[in-house]
Amino acid sequence: MTPTLAHPRIHRADGRARDWAEIQERMLVPLYEAVYERLGVGTATRLLGVGCGSGLALLMAAARGATVTGCDPDDQRLALARQRLLPAPQWGIPAPSRGRTRLVPGGPEAAAAATNDAPPFTVITAFDPAAPPSALVPALRAASGLAERGSPVVLAGWGPPERCATGRVLRVAARLAEPRGAAVETRLSGRDDLEDMARGAGLRPDGSGRVSCPFGYPDMDSAVRGLVSTGLFDAAAAATDVDQVRKELREALHPYRRADGTVRMENVFRYLVARV
């Protein structure tokens, strides 16, 4: 099993959302590209991103011509998504994405209210591999009610533990959080865990894939900041303190530090295509 901890979406102004947007989020670009290519995302696509974060996946879909809607309960990340997708008009010229993009604070229910008069979605994505099943399954159930029958719903998660180097680093979070273990929820990386979540949300599994998503950082400081920005270490910081978490993270990352000071961990992520 590769431990994936539930990360409560806490409202922060401490720069972590920007660390996520500038350091960590790009690590999943190969996943986004593979899914969009497989589904043929383009001008006819009406996409809903559940847990859209700071909007990089939505931006890539919009660049393909898709009409995109994103929902996320994290105000800080959503504010960065607005900067990316809904920039202020320049010199009186409207931004090209305006009118084809909606960003909604909250979950799919909030997206439903914001898109009440819009046509149903044709693609739904839930790319966040840290979202715990207890939150993800009801969110997918609500989101699927906004889509056309037969539309694809994409879930993502860690691949096999032996092919995810970052899983060994995430064990630091689980170990440090043990004094308050109730705050930790693991998400299995077993063969059928994505399929089980899809069925729990009333969806029909219809194929899957694996994508190499190496985590690469220019230096140790960026690696620590990027991983902390995921929220996966919140429970560990609450049980100990932030300095202790950063110290132990550096120790866990040491085997992945290269001679030139860069840090690189090889990972494989898995995605499931299910149908409404």
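These figures come from a predicted structure and were not determined experimentally.

Attention now moves to the nonpolar core. Formed by 57 residues in total, the largest nonpolar core has its most connected members in Tyr36, Phe127, Tyr217, Leu227, Leu249, Leu253 and Met265. Excluding residues that lie within four positions of it along the chain, tyrosine 36 makes contacts with Val41, Leu47, Ala57, Leu58, Met60, Ala61, Arg64 and Phe127. Grouped together as the second largest cluster of nonpolar side chains are 24 residues, Cys71, Ala139, Met197 and Ala274 included.

Burial of helix α1 (residues 16-24) is extensive: 7 of the 9 residues sit out of reach of the surface. Every buried residue belonging to α1 is among Arg16, Ala17, Asp19, Trp20, Ala21, Ile23 and Gln24, and all of these are buried. Summarising the contacts, the buried residues of α1 are in contact with α4 (75-85), β7 (215-217), α9 (220-229) and α10 (234-239).

It helps to recall that an α-helix has 3.6 residues per turn; residues three or four apart then point in one direction. Where helix α2 (residues 29-39) is concerned, the buried positions are Leu31, Tyr32, Val35 and Tyr36. End-on view of α2: buried residues confined to an arc of 120°, all on one side of the axis. One or two steps after α2, the chain reaches glycine 40, where phi turns positive at roughly 65°.

A few words now on the side chain of aspartate 128. Mapped onto the elements of the fold, aspartate 128 is located in the loop between β4 (123-126) and α6 (133-144). According to the relative accessible area criterion, aspartate 128 is buried, its value standing at 14%. A polar contact of 2.9 Å, which involves the side chain of aspartate 128, links it to the backbone nitrogen of alanine 130.

Attention shifts here to the confidence of the model for the chain. The share of residues in the chain with pLDDT of 70 or more is 86%, and the mean pLDDT across the chain is 88. Low pLDDT, under 50, characterises residues 1-13; the predicted model gives this stretch 51 contacts beyond four residues in sequence or across chains.

On to the side chain of threonine 45, then. Checked against the element boundaries, threonine 45 lands in the loop between α2 and β1 (46-50). Threonine 45 has contacts with Gly40, Ala66, Thr67, Thr122 and Val123, leaving out every residue within four places of it along the chain.

This next bit is on the sheet that holds strand β2 (residues 67-72). If you walk across this open sheet you meet the 7 strands as β3-β2-β1-β4-β5-β9-β6, and the pairing is mixed. Edge positions in the sheet fall to β3 (101-105) and β6 (204-212), since each has one partner strand and no second. When the angles between neighbouring strand axes are averaged without regard to direction, this sheet yields 15°. Pairing of β6 with strand β9 (residues 268-275) involves 7 bridges; the strand directions are antiparallel. Note on β9: the bridge partner recorded for glycine 209 is tyrosine 271. The sheet contacts of α2 involve β1, β4, β5 (152-158), β6 and β9, and relative to β6 the element is tilted by about 135°. Seen against the sheet, α4 touches β2 and β3 and runs at an angle of roughly 170° to β3.

Turning our attention to the state of the cysteines. Tallying each qualifying case throughout the model produces 0 disulfides. For the unlinked cysteine cysteine 71, the closest cysteine sulfur is that of cysteine 52, found at 6.4 Å. Exposure remark for cysteine 71: the relative accessible area of 0% places this residue in the buried category. Cysteine 213 takes part in no disulfide bond, and the closest cysteine sulfur, belonging to cysteine 164, lies 9.1 Å away. When its relative accessible area of 0% is taken as the criterion, cysteine 213 is described as buried.

A word on the packing of α1 against α9. Angle between the axes and distance between the axes are the two parameters that describe a pair of packed helices. The N-to-C vectors of α1 and α9 enclose an angle of 115°; their axes lie 8 Å apart at closest approach. α9 is crossed by α1, and the crossing has left-handed handedness. Contacts between α1 and α9 pair Arg16, Asp19, Trp20, Ile23 and Gln24 from the former with Ser222, Arg225, Gly226, Leu227, Val228 and Ser229 from the latter. For the contact of α1 with α9, the per-class residue count stands at 4 nonpolar, 4 polar and 3 charged.

Next up on the list: the environment of glycine 107. Position of glycine 107 relative to the elements: it lies in the loop between β3 and α5 (108-114). Note: C-alpha distance between glycine 107 and alanine 139 (32 residues apart in sequence) is 6.8 Å.

Another point: the packing of aromatic side chains. When we look at a pair of aromatic rings, we describe it by the centre distance and by the angle of the planes. This model, assessed by the stated rule, comprises 5 aromatic pairs. Ring pairs connect the aromatic residues Tyr32, Tyr36 and Phe127, which therefore count as one cluster. Positioned above the aromatic ring of tryptophan 20, the side-chain terminus of arginine 77 is 4.2 Å from the ring centre.

For the rest of this paragraph, the subject is the pairing of β5. Across the 7 residues that make up β5, a large majority, 7, are buried. Alignment of β4 against β5, held across 3 bridges, turns out to be parallel. Residue pairing for β5: isoleucine 124 is matched across the bridge by valine 153. With α6 bridging β4 and its parallel neighbour β5, the resulting β-α-β unit is right-handed. With 7 bridges connecting them, β5 and β9 associate as antiparallel partners. Each bridged residue has a counterpart across the sheet, and for alanine 156 the counterpart in β9 is tyrosine 271.

Quick notes on the rules
Residues numbered from 1 in each chain as written. Predicted model: local features only at pLDDT ≥ 70, side-chain atom pairs only at ≥ 80, totals over all residues. Heavy atoms only, no water. Core = buried A, V, L, I, M, F, W, Y, C linked by side-chain atoms within 4.5 Å. Buried < 20%, exposed > 50% of the residue type's maximum accessible area, 1.4 Å probe, protein only. Contact = heavy atoms within 4.5 Å. Helix = DSSP H or I, 4+ residues; strand = E, 2+ residues; numbered from the N terminus. Arc of directions from axis to C-beta. Polar contact = N/O pair within 3.5 Å; in protein donor to acceptor, adjacent residues only side chain to side chain. pLDDT = per-residue confidence, 0-100. Pairing = 2+ DSSP bridges. Axes fitted to C-alpha atoms, helices over the stretch in contact; angles between N-to-C directions. Disulfide = S-S within 2.5 Å. Left-handed = near helix turned anticlockwise from the far one by under 90°. Nonpolar A, V, L, I, M, F, W, Y, C, P; charged D, E, K, R; others polar. Phe/Tyr/Trp six-rings, centres within 6.5 Å; stacked < 30°, edge-to-face > 60°. Lys NZ or Arg CZ within 6 Å of the ring centre and 35° of its normal. Right-handed = clockwise from strand over helix to strand, strands pointing away.

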